[in-house]
Amino acid sequence: MTIECKDFFTFARQLGQQDSEVAFRSAISRAYYAAFHRCKEWEETLPMLGRNEGPEGGSHQELINRLKHPAERCGEILKERSRRNGAQLEAQRHRRVQADYALDETVTAAEMHDQFGQVRQVLERCDAALPRSTP
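Residues numbered from 1 in each chain as written. Predicted model: local features only at pLDDT ≥ 70, side-chain atom pairs only at ≥ 80, totals over all residues. Heavy atoms only, no water.

A. Region of interest: the overall build of the protein. Broken down by element type, the protein carries 5 helices and 0 strands. In sequence order, the secondary structure elements of the protein are arranged as α-α-α-α-α. A compact globule built from 135 residues would reach a C-alpha radius of gyration of about 14 Å, and the protein, at 16 Å, matches this within 12%. Each of the 135 residues in the protein was classed as buried or not, and the buried ones make up 41%. Long-range pairs, those at least 24 residues apart, make up 65% of the contacts in the protein between residues at least 6 apart in sequence. Total accessible area computed for the protein in this model is approximately 8000 Å², and 50% of it derives from carbon and sulfur atoms. Positive and negative charge centroids in the protein, built from 20 and 21 side chains respectively, lie 6 Å apart. (Helix = DSSP H or I, 4+ residues; strand = E, 2+ residues; numbered from the N terminus. Rg over C-alpha atoms; globule rule 2.2 N^0.38 Å. Buried < 20%, exposed > 50% of the residue type's maximum accessible area, 1.4 Å probe, protein only. Contact = heavy atoms within 4.5 Å. Areas by Shrake-Rupley, 256 points an atom, 1.4 Å probe, with all protein chains shown as cover. Lys, Arg positive; Asp, Glu negative; His and termini not counted. Charge placed at Lys NZ, Arg CZ, Asp CG, Glu CD.)

B. Summary view of the nonpolar core. In this structure, Phe9, Cys39, Leu89, Phe116 and Val119 are the most contacted members of the largest nonpolar core, which totals 31 residues. For this core, the secondary structure elements donating two or more residues are α1 (5-16), α2 (21-43), α3 (59-68), α4 (75-101) and α5 (109-127). For this core, the element with the highest residue contribution is α2, accounting for 11 residues. Contact partners of Val119, with chain neighbours within four places excluded, come to Phe9, Ala31, Tyr32, Ala34, Ala35 and Gln92. (Core = buried A, V, L, I, M, F, W, Y, C linked by side-chain atoms within 4.5 Å.)

C. View of the state of the cysteines. Applying the stated rule across the entire model yields 0 disulfides. In this structure Cys5 is a free cysteine whose sulfur lies 8.2 Å from that of Cys126, the closest cysteine sulfur available. (Disulfide = S-S within 2.5 Å.)

D. Broad picture of the environment of Thr108. Along the polypeptide, Thr108 turns up in the loop between α4 and α5. In sequence terms Thr108 and His37 are 71 residues apart; their C-alpha atoms lie 24 Å from each other.

E. Summary view of the pattern of salt bridges. Applying the stated rule across the entire model yields 11 salt bridges. Residues Glu90 and Lys68 are paired through a salt bridge, measuring 2.7 Å at the closest nitrogen-oxygen approach. Linking Glu90 in helix α4 with Lys68 in helix α3, this pair joins segments that are 22 residues apart in sequence. With its nearest N and O atoms 3.1 Å apart, the salt bridge here joins Asp100 to Arg96. Of the two residues, Asp100 and Arg96 both sit in helix α4, 4 residues apart, roughly one turn of that helix. A residue is classified by how much of its surface remains accessible, and Asp100, at 29% relative accessible area, is partly exposed. Given a relative accessible area of 9%, Arg96 falls into the buried group. (Salt bridge = Lys/Arg side-chain N within 4 Å of Asp/Glu carboxyl O.)

What follows is the structure, given as structure tokens:
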């Protein structure tokens, strides 16, 4: 059985309907992975990968770095989308790390809803068509 990145977001929203901190934490994490996987797919459609400039790290940080530093060949619209996706993915990742590892800190429904809003924006931006150029 295969799944799509949006399946993570659907599951995250289902988790978020439960009124418990463990559900909020899990929902934040699952929502992040929806955005992460969608950004990976979206990056593959770009004419050229961005530069891996920024903090060192694993595959998640490297994707964020490339999105935040898009290649010139991408054009202005794609470069702006890439930078915004990178910045939001970075914020979502930070929230996911807190939800997964900072057990001594409280995670609230409001933080979960903030994560959902940012993930929704990333998914919409990745799915948005490019404007047609005029002759």
